[in-house]
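# Summary of the model geometry
Residue strings, one per chain:
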Amino acid sequence: MTAQDLHEHMRKVGPWVDWDGGTCDGFKWGDPATQVTGIAVAWMSTLSALRQARDLGCELFITHEPTFYAHMEDNDAMRATQPAQAKIDLLDESGMVVYRCHDVWDVFPKLGVVDSWAAGLGLSGPPVAEAKYYAAYEVGPVTVEQLAREIAARVRPLGQNAVEYSGPPDQAVTRLAVGTGAITNPFQMLELGADCLLVTDDGVCGWAQTTWLIDQGIPSIRVNHCVAEEWGVENLAGYLRETFAPVPVHYVGIGSLYTHVW
């Protein structure tokens with residue numbers, strides 16, 4: 001296969017994506033005509049992850065998030081910084097191709113980010129309400145603190161050993177809304193009739209949105225952005241492993257970007 005074969009497949013299975021310039025998905029580095037004998041998949045093309053892919057002999061690196069520190073990455077000034085240049089040097093030396101798979105995979109049915117996140121949290125059955133990037137599930141009644149502890153136990157294997165929550169610890173929760181990675185807009189999540197929101201550190205602003213929720217008595221639980229998407233990215237690797245067999249597909253886990261101490 002070539003790297004271009006992957007792109008054509010994503011265009012076919014992701015008709016909801018605006019492929020004519022309205023998406024961040026696509027090639028970010030390298031020649032699409034490159035022959036591929038190994039694929040690496042990660043939540044983000046960090047320098048460490050790229051090095052792992054190179055050492056595994058992968059010609060194609062598929063990332064969910066940006067390579068050069070900006071969402072669209074079109075002629076972004078961040079490319080002139082030292083960390084970006086280190087990535088460019090590695091990519092040029094190895095000949096590796098970088099492809100971003102974000103808008104396709106966020107809402108891909110069952111295996112995509114939002115559905116994988118809910119499944120990994122043990123939220124079973126169809127959602128009671130949903131929008132493109134959001135879903136709400138019946139969870140209770142359970143207290144905010146109990147729910148936060150249950151979520152913390154679920155995400156601990158991903159490297160996040162604590163979660164944050166706002167609101168009275170004994171407040172009852174019956175409907176939890178989840179979002180897709182950093183797409184955890186409280187205003188849209190509340191439209192699903194939720195009485196508790198599971199948000200991410202990149203998806204809410206504490207002094208604005210979290211306090212807005214607190215002032216109206218809506219509790220929220222917050223996790224790391226990467227943690228909320230890791231299960232979906234791992235499922236992407238599995239999907240590609242089946243779709244492009246026998247080409248080896250390696251999942252490079254990133255896990256929580258932060259370590260908690262207390």
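Look up a bit, the structure's there.
Report on the accompanying structure. Since we're looking at a predicted model, the values are computed, not measured.

### Details of the overall build of the protein
- A count of helices and strands for the protein gives 9 helices and 11 strands.
- Its C-alpha radius of gyration of 19 Å places the protein within 12% of the 18 Å reference for a compact globule of 262 residues.
- With respect to the principal axes defined by its C-alpha atoms, the protein has extents near 55 × 35 × 35 Å.
- Per-residue burial for the protein yields a buried fraction of 49% across its 262 residues.
- Nonlocal contacts in the protein, meaning residues at least 24 apart in sequence, comprise 68% of its contacts between residues at least 6 apart.
- Of the roughly 11,800 Å² of accessible surface on the protein, a fraction of 52% belongs to carbon and sulfur atoms.
- On the protein, the mean spot of the 16 positive side-chain charges and the mean spot of the 33 negative ones are 3 Å from each other.

### What about the packing of aromatic side chains?
- A full pass over the atoms with the stated rule returns 8 aromatic pairs.
- Aromatic pair Trp 105 and Phe 108: ring centres 4.4 Å apart, planes at 20°, arrangement stacked.
- Residue Trp 105 is classed as buried on the basis of its relative accessible area, which comes to 0%.
- Chaining the aromatic ring pairs together yields one cluster made of Trp 16, Trp 105, Phe 108 and Tyr 239.

### Quick word on the side chain of His 225
- Turning to its location among the elements, His 225 is positioned in helix 9 (residues 225-243).
- Owing to a relative accessible area of 7%, His 225 belongs among the buried residues under this scheme.
- Dropping the residues within four chain positions of it, His 225 is found in contact with Trp 43, Glu 65, Gly 181, Ala 182, Thr 200, Asp 201 and Asp 202.

### Some remarks on the state of the cysteines
- All chains considered together, the criterion is met by 0 disulfides.
- Cys 58 takes part in no disulfide bond, and the closest cysteine sulfur, belonging to Cys 101, lies 16 Å away.
- Overall, Cys 58 belongs to the buried group, its relative accessible area being 6%.
- Here Cys 205 stays unpaired: no disulfide links it, and the sulfur of Cys 196, its closest cysteine neighbor, is 19 Å away.
- The exposure class assigned to Cys 205 is partly exposed, which follows from its relative accessible area of 28%.

### With respect to the pairing of strand 3 (residues 60-63)
- The alternating pattern of strand 3 places Leu 60 and Ile 62 and Phe 61 and Thr 63 on opposite faces, both of which are buried.
- Examined bridge by bridge, strand 2 (residues 39-42) and strand 3 share 4 bridges and lie parallel to one another. Paired with Ala 40 across the bridge in strand 3 is Phe 61.
- Tracing the backbone out of strand 2, into helix 2 (residues 47-55) and back to the parallel element strand 3 gives a crossover that is right-handed.
- Inspection of the sheet shows strand 3 paired to strand 4 (residues 97-100) by 4 bridges, in the parallel sense. Paired with Ile 62 across the strands is Tyr 99, a residue of strand 4.
- Handedness of the β-α-β unit built from strand 3, helix 3 (residues 82-94) and strand 4 comes out right-handed.

### Comments concerning the sheet that holds strand 7 (residues 164-166)
- Reading across the sheet, the 6 strands line up as 5-6-8-9-10-7 and stay open at both edges, with mixed pairing between neighbours. In this open sheet, the two edge strands, each paired with only one partner strand, are strand 5 (129-131) and strand 7. Each neighbouring strand pair of the sheet contributes to a mean axis angle of 25°, computed without reference to strand direction.
- Looking at chain direction, strand 5 and strand 6 (residues 134-143) are connected through 3 bridges and run antiparallel. Of the residues in strand 6, the one forming a bridge with Ala 131 is Tyr 134.
- Strand contacts of helix 6 (residues 144-155): strand 6, strand 7, strand 8 (172-178), strand 9 (196-200) and strand 10 (220-223), with the helix running at about 120° to strand 6, the strand carrying the most contacts.

### With respect to helix 5 (residues 113-120)
- Of all 8 residues making up helix 5, 6 are buried, and the element is well covered by its neighbours.
- All buried positions along helix 5 are accounted for by Val 113, Val 114, Ser 116, Trp 117, Ala 118 and Gly 120.
- Positioned one or two residues after helix 5, Gly 122 has a phi angle of 80°, which is positive.

### Topic: helix 9
- With 19 residues, helix 9 extends 27 Å between its outermost C-alpha atoms, agreeing within 8% with the 27 Å of an ideal straight helix rising 1.5 Å per residue.
- When the local axis directions of helix 9 are compared, the greatest deviation, roughly 35°, occurs at Trp 231.
- At the N-terminal boundary of helix 9, the capping side chain belongs to Asn 224, with an oxygen 3.3 Å from the backbone nitrogen of Cys 226.

Rules and cut-offs
- Residues numbered from 1 in each chain as written.
- Predicted model: local features only at pLDDT ≥ 70, side-chain atom pairs only at ≥ 80, totals over all residues.
- Heavy atoms only, no water.
- Helix = DSSP H or I, 4+ residues; strand = E, 2+ residues; numbered from the N terminus.
- Rg over C-alpha atoms; globule rule 2.2 N^0.38 Å.
- Buried < 20%, exposed > 50% of the residue type's maximum accessible area, 1.4 Å probe, protein only.
- Contact = heavy atoms within 4.5 Å.
- Areas by Shrake-Rupley, 256 points an atom, 1.4 Å probe, with all protein chains shown as cover.
- Lys, Arg positive; Asp, Glu negative; His and termini not counted.
- Charge placed at Lys NZ, Arg CZ, Asp CG, Glu CD.
- Phe/Tyr/Trp six-rings, centres within 6.5 Å; stacked < 30°, edge-to-face > 60°.
- Disulfide = S-S within 2.5 Å.
- Pairing = 2+ DSSP bridges.
- Right-handed = clockwise from strand over helix to strand, strands pointing away.
- Axes fitted to C-alpha atoms, helices over the stretch in contact; angles between N-to-C directions.
- Expected span 1.5 Å × (residues − 1).
- Bend = angle between axes of the 7 residues up to and from the residue.
- Polar contact = N/O pair within 3.5 Å; in protein donor to acceptor, adjacent residues only side chain to side chain.

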